[in-house]
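Summary of structural features
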Amino acid sequence: MNTIELPEQDKNTPSVLIVTDAWKPQTNGVVTTVTNTRHQLKRKGFRLYTLTPSYFKLHLPTYDPGVKVAIPSMSAIAKYFRKFQPDYIFIMTEGPLGLAIRHFCIEARLPFTTAFATKWPDYLKQHLFIPRKITWRMTHWFHAPAHAVMVATQSLRNELKAHGLHNIQPWTRGVDTKVFKRVSPEERAAFHPDCPRPFYIYAGRVSSEKNIEAFLSLDLPGTKIVVGKGADLEALKIRYPAVIFKGLLTGKALATCYACSDIFVFPSKTDTFGLVMLEAMASGLPVVAFNVTGPADVIDEDAQASQIGFLASSDERLRELAIKAWETLKNNTDLPLKCRHYVLQHYSWQVVADMLVNNLKRCTVEMKTHYLEVT
């Protein structure tokens, strides 16, 4: 195992250990959230340690070579905890690394916080047919010892409470509106000029858990665009030759692809939030998604009333609303501005970091005294 990432700030400043099973080169909401939160925490003067699968030599095989799943060594974890002694511990994911740190913290009587960022009960039911009652019990078991469980939306907080968790705190998501923004009409006109509009775009992991074929199989006018990589990418290229597959894009290239498109379609039914929806809306795109936890919280009643977001109850309804979104966009030239204004009003990474700090400080136990007891 390599060393945990060393912080750059003075050793006397408070330190935060962020534990995540999902990390670069993966591109997903967890990685984006951790990356932007780290940036904001550094600006606030915290020292940052980020523990990821990259720091371990042993990894489990996965369906995607870009996804690393660590096999953590408990003795190595104990050694580095003694060495770095973080003031706050935040477990972002429930994978093997999150499980190992959770176990270590309980054994060492160290307070920690967690996040519920993926609806595993729904995902495992849909893809592996594991009954939800089993996975909800596992979810409760994992998060119950945490001093705070951070979730992004009110409906998700209600769902977790219904399954017996009461140590729940809000933790929204943000978007970099300096990167994701509108572009000039000339830049839009130069984007795939030989392809018919509207451009319906999806961005995210190209794999079965994202329910992407619910979008690709729709009979829609114009052109479909997919941004991202994943285990299903090559097979979907063959199955849907008319779709433009852009591959993995980041930064300005991704922002330009959003802003030059027309409608964002988000077919996932298991995401607890969906950061890509915010990125698309900041770029001026209305969003069409399923009426499930996550999208239903981002696309609230105000968003639906102003027609910057549309929620579907079925695959057929998804198609109808995608077409309606295009008709609305053609008839309302102010709609892109409304989409962007909505994001500017409700979401920023600074707010996200502030909420995380407040939740971490709920762990009021003086942690330094506990490290003496770690073996």
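Whatever comes next refers back to the structure up there.
Heads up: these notes are all about the structure in this document. (Residues numbered from 1 in each chain as written. Predicted model: local features only at pLDDT ≥ 70, side-chain atom pairs only at ≥ 80, totals over all residues. Heavy atoms only, no water.)

1. Some details on the pattern of salt bridges
Evaluation of the coordinates by the stated rule reveals 13 salt bridges. Here glutamate 159 makes a salt bridge to lysine 119, at a shortest N to O gap of 3.1 Å. Residue glutamate 159 is found in helix H6 (residues 154-162), and its partner lysine 119 is found in the loop between strand S6 (113-115) and helix H4 (120-128); the two are separated by 40 residues along the sequence. The class of glutamate 159 is partly exposed, set by a relative accessible area of 22%. For aspartate 271, the salt bridge goes to lysine 210, with nearest N and O atoms at 3.0 Å. Taken together, the positions of aspartate 271 in the loop between strand S12 (263-266) and helix H11 (275-282) and lysine 210 in the loop between strand S9 (199-203) and helix H8 (213-216) put the pair 61 residues apart, joining distant regions of the chain. Taken individually, aspartate 271 and lysine 210 each receive the classification buried, so the pair is uniform in this respect. (Salt bridge = Lys/Arg side-chain N within 4 Å of Asp/Glu carboxyl O. Helix = DSSP H or I, 4+ residues; strand = E, 2+ residues; numbered from the N terminus. Buried < 20%, exposed > 50% of the residue type's maximum accessible area, 1.4 Å probe, protein only.)

2. Considerations on a nonpolar patch on the surface
On the surface, Leu58, Leu60 and Ile71 cluster together into a nonpolar patch covering about 270 Å² of accessible area. Mapped onto the elements of the fold, leucine 58 is located in the loop between strand S2 (47-51) and strand S3 (59-60). Assessed through its relative accessible area of 55%, leucine 58 is described here as exposed. (Patch = residues over 30% accessible without salt bridge, like charges linked within 9 Å, V, L, I, M, F, W, Y side chains within 5 Å. Areas by Shrake-Rupley, 256 points an atom, 1.4 Å probe, with all protein chains shown as cover.)

3. Quick notes on the sheet that holds strand S14 (residues 309-312)
To summarise the sheet geometry, strands pair through backbone hydrogen bonds and adopt either a parallel or an antiparallel arrangement. What the 6 strands build is an open sheet, ordered S11-S10-S9-S12-S13-S14; its pairing is parallel. Two strands lie at the open edges of the sheet, namely strand S11 (244-247) and S14, each paired on one side alone. Strand-to-strand twist of the sheet, defined as the mean angle between neighbouring strand axes without regard to direction, takes the value 25 degrees. For strand S13 (residues 287-290) and S14, the ladder comprises 4 bridges, and the chain directions are parallel. (Pairing = 2+ DSSP bridges. Axes fitted to C-alpha atoms, helices over the stretch in contact; angles between N-to-C directions.)

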